[in-house]
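Architecture at a glance
Okay, here's what each chain looks like letter by letter:
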Amino acid sequence: MLDSITSLDLLGADILTTLLFLPSLGALLLLAVPAEAKQAIRAMGLLFSGATLLVSAKIALRFDPATPGISGFRVDYPWMESLGIRYQLGIDGFALSLVVLTTLLTFCVLLVAAGQDLQRFKGYVVSFLILETGMLGSLVALDTILFYVFWEVMLVPMYFIIGIWGGKRRIYAAMKFFLFTLVGSLLMFIAILFLAIQHQKTTGILSFSLLDWMNAAKSNAWALTPGMEALVFGAFALAFLVKVPLWPLHTWLPDAHVEAPTGGSVILAGVLLKLGTYGLMRFALPLFPNATMKFTPLIVGLALVGVVYGAWVAAAQKDMKKLVAYSSVSHLALVVLGIFAGNAEAAAGAIYQMIGHGLTTGLLFMLVGVLYDRRHTREMADYGGVARQVPVTTTLFVIATLGSIGLPGLNGFIGEFLILAGVFKVNVVWCAIAATGMILSAIYMLTLIQKVFWGPVTQPVNNGLTDINIWEFLGAMPLVAGIVILGVYPGPVLDLLKPSITFVLEAARLHP
Amino acid sequence: MPFPVSDLILIVPELFLTAVALGLLIYATVVSREKEGAIAWMALAALVLTGVLLFVPFSSVTSLPQIGFAGMFAVDKFSLFFKILILAAAAVTILFSLRFIGSSPYPGGEYYCLILLTTVGMLFMVSGVHLVSIYIALELMALSQYVLAGYFKQETKSIEAAAKYFVLGAFSSGVLLYGLSLVYGAARTLTLTGVAQALAASPKAPLFILGIILVACGLFFKIASAPFHVWAPDVYEGAPTPIAAFFAVGPKLAAYAIFARIFYSGFGPGSADWTVIVAASAALTMVVGNVGALMQENVKRLLGYSSIGHAGYALMGFLGYGTDFGLPALMIYLASYALMTLGAFGLVVMLETKGYAGESVDDFNGLARKNPTAAAAMLVFLLSLTGIPPTVGFIGKYYLFTSAMKAGWFWLALLGVLMSAVSLFYYFRIVRAMYLVDGEGELRWKEEPAVSAAVIACLAGTLLFGILPQPLVSWAKACLLN
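Residues numbered from 1 in each chain as written. Chains lettered and ligands numbered in written order. Predicted model: local features only at pLDDT ≥ 70, side-chain atom pairs only at ≥ 80, totals over all residues. Heavy atoms only, no water.

**Here's the deal with the overall build of chain A**
- In terms of helices and strands, chain A carries 20 helices and two strands.
- The C-alpha radius of gyration computed for chain A amounts to 22 Å, which stays within 12% of the reference 24 Å derived for 512 residues, consistent with globular compactness.
- Looking at the 512 residues of chain A, the share that counts as buried comes to 65%.
- Of all intrachain contacts in chain A linking residues separated by at least 6 positions in sequence, the fraction that spans at least 24 positions is 80%.
- Surface accessibility of chain A: about 16,700 Å² in total, with carbon and sulfur atoms responsible for 68%.
- Placing the 29 positive and 26 negative side-chain charges of chain A at their respective mean positions leaves the two points 7 Å apart. (Helix = DSSP H or I, 4+ residues; strand = E, 2+ residues; numbered from the N terminus. Rg over C-alpha atoms; globule rule 2.2 N^0.38 Å. Buried < 20%, exposed > 50% of the residue type's maximum accessible area, 1.4 Å probe, protein only. Contact = heavy atoms within 4.5 Å. Areas by Shrake-Rupley, 256 points an atom, 1.4 Å probe, with all protein chains shown as cover. Lys, Arg positive; Asp, Glu negative; His and termini not counted. Charge placed at Lys NZ, Arg CZ, Asp CG, Glu CD.)

Structural data, given as structure tokens:
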């Protein structure tokens, strides 16, 4: 069944190209659909994001975890020939796990959107489909310029998603998001050009391929002086850490999250932030092992501050979305800590946590959106005791919360445990500080649940609150399933990630 | 200076265009106001035919370069590259002008003839390999430009633009001419190859250095780079919008072409010290243009400042002198700049109903709802101007930054990307107006087939060369100076 649906390879294209451009094709076709035909737009959006999800599922089934390096389903064509820029794609277990997360979340977001009454619905769907191409492209591109192109392609649809369908301060938030990420990525662009020039000068080969560069880095064939390496690493790290976002680069995130519509928040927290940590592991660490070593204390220090700061600030929030946004700052800082701890457990935990956080936080934002759509407020004080009115929402919210705070049996536990175990081996103090963040997360999340769902109904207006509708339920269920499955049966995913982690750590000269 | 009559064949396209321009000027005096549209179409046809003629006199373009008129005029691939772009820019300008001029109270006949004469000047400029022929061609272009800037003679702003342009333009021509005369004094020859030889023999002669500085200053005026840029926003704002579009592209292309020719063929081999002046101006220009644009409410002024910023980026191309990236970077960038700038101006033209109505950023409010296609086109042009992939503006910047870095100007490339981030801020004010703000009242929007066609052509180029830049790159690389 799966094979028969996804075997319709576009124009004979390979499977990664199909994956990448299926959403854009949908967006392109949607342009021909009149804006009033909401049913047709909904169907098209679900069809194309669903097909993309199936293609990614097919890739996951076909992928052999033993594939060395980043060579799964490798595609390699010249693109801008005279410049040495290639259309080079490839996948490994790490990228694959995030690809599936991306296609799943996009599909779920469009499912939820199907039940929402959105203005300019066509533009909404088109934005998400283009965004999906950008996200997937960033994950599978092996040529750094190609990566950069997809990386930038993500910005524009997200700008519109926040700016058009967002809240009161949407224009400010959208611009802030765009500017912060653009400054980071432009510096990375200069670093990419610099590396290509340096690579050509020293090895005689004009190439932007990550794989060639990794070879150069391995033997230091491109003769980077420590100063140069530090600068270039700094540019890459800045681009990615803004996206993560690591304290103190995080200020755009609460604004963007609070103002973004539900779908925007889900994708932002679920995928876009992960692309920052993905970039660190894919580019920054393997390409600049010496600089990584040098900068580790600084970044770990910032991450530790971020873990505690994010949790601390989250605990003080009255707005549910802001609370979840700051909890993301805290959780992602933990992921960064796991990456820079430099051992296999912590790295595996970091990746596991990336996926897990994508599911739990995605679900949390989705459910906050459910409440917001009905009451048009995100203040916790405006709710209270709504569990009786919205039992299904409450149940799902509790599952997401428990997943997020790391209850054993749900996904968060595995990721956090692995990170802390790995960090413990390196430095007990780091581990202790990071663990406080976990404790705080339990406090603020459970407080949120208590204030919003438990107890007597404090506001009469909430008596009429309607529960989650079918579209929202359909959109939430896959995430719930993912949270549970990843919690009780982590083996296959960890096996999938293992070769990638070894590959990254070896390249970064950190012994796994 | 004697020259064989057969040399005339080299300037057949230019002669043809001059003849048409003069013929139309006479015709314009007898034709009635209603039938002036025909003049525009004839002018357009003349531009297309000139483009065809560029390739006719030679059995094949491989027989290039050919130099005639006692070393004053060269037909080489470099000049052909620029001539094609210039003719296209002029043709687009005419398409922009059809209704704009037709519905204005001003006669159209001379208008189109002046565009053609400006174009003739530019065509001669890019073929000039002799200090005097370059200068004379430049004056032909500039004098026609002054008149065009003040074409709406009842409008104070238009007159002001023309007056400013004339005074500053004349002054800069004087500076340029003085510089050229000093170079002549030192080199005792006016041909660029002769200058190059003389400069190689005595690279540190004070007369040369002063001459080079003055020539650079004169040319900085023409491409509107800091600190000689102040005229540009006023002129763009005051001139009729199609003319502003034309000024932002055509004369700049020609000025860059002679800049490249004089500095690469003339001053290049002997002494490369001039890169310091160019780098300083590039840095200043990027900052002044991009920061200046932040404060503009008027779209034409905004695009004026943005074009100053782009002049700064483009100057980085000169710094790659001697690497395989400098000149191609400049040429690719100019082609991309022409596409996206003309496209953006085209949408401003459509937004205006007449004269000076409708040119503040707020006039774009709600365009995405009223006309999604136009808004999407404007979005692409603005993204391209910012340098975001997959648009041609990204390709252009890619080349320029690489060129600057290969030549060792890292800080300049860094400044360039930072200024790109700044430029996002003001370009996206227009995007915000189009998409995020709801328009109040009627949007003054006039759909027009001629303008639409031109905009679509620019849009196609912006996207196509953004995704598959190879043809543009190969073309530019095949047309380098030799």
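Resuming the write-up.
**Details of the pairing of strand 2 (residues 85–91) of chain A**
Residue and element names in this part refer to chain A.
- In terms of residue burial, strand 2 counts as a mostly covered element, since six of its seven residues are buried.
- Sheet topology places strand 1 (residues 72–80) next to strand 2; six bridges connect them, and they run antiparallel. Across the sheet, the residue bridging to Tyr77 is Tyr87, located in strand 2.
- What sits between the antiparallel neighbours strand 1 and strand 2 is a turn of four residues, in which Gly84 has the positive phi angle 75°. (Pairing = 2+ DSSP bridges.)

**Digging into the domain arrangement of chain A**
Residues and elements named next belong to chain A.
- Here chain A is described as being made up of domain 1 (1–287) and domain 2 (294–490).
- A C-alpha centroid distance of 24 Å is found between domain 1 and domain 2.
- Listed as interface residues are 42 residues of domain 1 and, on the opposing side, 42 residues of domain 2.
- When domain 1 packs against domain 2, close to 3,600 Å² is buried across both sides, 82% of that on carbon and sulfur atoms.
- It is Leu246, Trp247 and Val258 that lose the most area in domain 1 upon contact with domain 2, and together they represent 17% of the buried surface on that side.
- Applying the counting rule to domain 1 against domain 2 returns zero salt bridges.
- Along the contact surface separating domain 1 from domain 2 lie five residue pairs in polar contact (both at pLDDT 80 or more).
- For the side of domain 1 that touches domain 2, the secondary-structure elements that each account for two or more residues are helix 3 (38–62), helix 4 (93–115), helix 10 (226–243), helix 11 (252–259) and helix 12 (262–287).
- Here the side of domain 1 that touches domain 2 takes twelve residues from helix 12, the largest share from any one element.
- When its residues are assigned to classes, the side of domain 1 that touches domain 2 shows 31 nonpolar, nine polar and two charged. (Domains from an automatic or database assignment. Buried area = accessible area lost by both parts, 1.4 Å probe. Salt bridge = Lys/Arg side-chain N within 4 Å of Asp/Glu carboxyl O. Polar contact = N/O pair within 3.5 Å; in protein donor to acceptor, adjacent residues only side chain to side chain. Nonpolar A, V, L, I, M, F, W, Y, C, P; charged D, E, K, R; others polar.)

**Focus: the environment of Leu224 of chain A**
Residues and elements named next belong to chain A.
- Mapping Leu224 onto the fold places it in the loop between helix 9 (210–219) and helix 10.
- C-alpha separation for the pair Leu224 and Thr103, spaced 121 residues apart in sequence, amounts to 38 Å.
- Leu224 has contacts with Phe194, Leu195, Gln198, Glu229 and Phe288, leaving out every residue within four places of it along the chain.

**Some words on the state of the cysteines**
Residue and element names in this part refer to chain B.
- Evaluated as defined, the whole model comprises zero disulfides over all chains.
- The cysteine Cys458 is free of any disulfide, with Cys479 supplying the nearest cysteine sulfur at 20 Å.
- Residue classification places Cys458 among the buried positions, given a relative accessible area of 4%. (Disulfide = S-S within 2.5 Å.)

**Looking at the interface of chain B and chain A**
- In this assembly, 36 residues from chain B lie in contact with 34 residues from chain A.
- Of the roughly 3,100 Å² buried between chain B and chain A on both sides combined, carbon and sulfur atoms contribute 79%.
- It is Tyr398, Met405 and Leu436 of chain B in chain B that bury the most area against chain A; as a group they hold 20% of the surface buried on that side.
- The interface formed by chain B and chain A includes zero salt bridges.
- Joining chain B to chain A, the criterion identifies four residue pairs in polar contact (both at pLDDT 80 or more).
- Those elements giving two or more residues to the side of chain B that touches chain A turn out to be helix 14 (367–370), helix 15 (372–386), helix 16 (392–406), helix 17 (410–436) and helix 19 (470–478) of chain B.
- The element best represented in the side of chain B that touches chain A is helix 17 of chain B, accounting for 13 residues.
- Class assignment for the residues of the side of chain B that touches chain A results in 29 nonpolar, three polar and four charged.

**Some thoughts on helix 4 (residues 109–127) of chain B**
- Taking 1.5 Å per residue as the helical rise, helix 4 of chain B with its 19 residues ought to reach 27 Å, and the 28 Å between its terminal C-alpha atoms agrees with that figure.
- Among the 19 residues in helix 4 of chain B, 17 count as buried, and that is most of the element. (Expected span 1.5 Å × (residues − 1).)

**Focus: helix 9 (residues 231–238) of chain B**
Residues and elements named next belong to chain B.
- Among the eight residues that make up helix 9, eight are buried, leaving the element largely enclosed by the rest of the structure.
- For helix 9, every residue scored as buried is listed here: Trp231, Ala232, Pro233, Asp234, Val235, Tyr236, Glu237 and Gly238.
- At its buried positions, helix 9 is contacted by helix 5 (131–149), helix 6 (156–187), helix 8 (206–222), helix 10 (241–267) and helix 12 (299–319).

**Points about the confidence of the model for chain B**
- When pLDDT is averaged along chain B, the result is 86; 94% of the residues meet or exceed 70.
- Model confidence for the complex is summarised by a pTM of 0.88, with the ipTM given as 0.83. (pLDDT = per-residue confidence, 0-100.)

**Re the environment of Phe364 of chain B**
Residue and element names in this part refer to chain B.
- On the secondary structure map, Phe364 appears in the loop between helix 13 (326–351) and helix 14.
- Residue classification places Phe364 among the buried residues on the basis of a relative accessible area of 0%.
- Linking Phe364 and Met434, residues 70 residues apart in sequence, is a C-alpha distance of 5.3 Å.
- In this structure, Phe364 is in contact with Val299, Val348, Leu351, Met378, Ile430, Ala433 and Met434, ignoring residues within four places of it in sequence.

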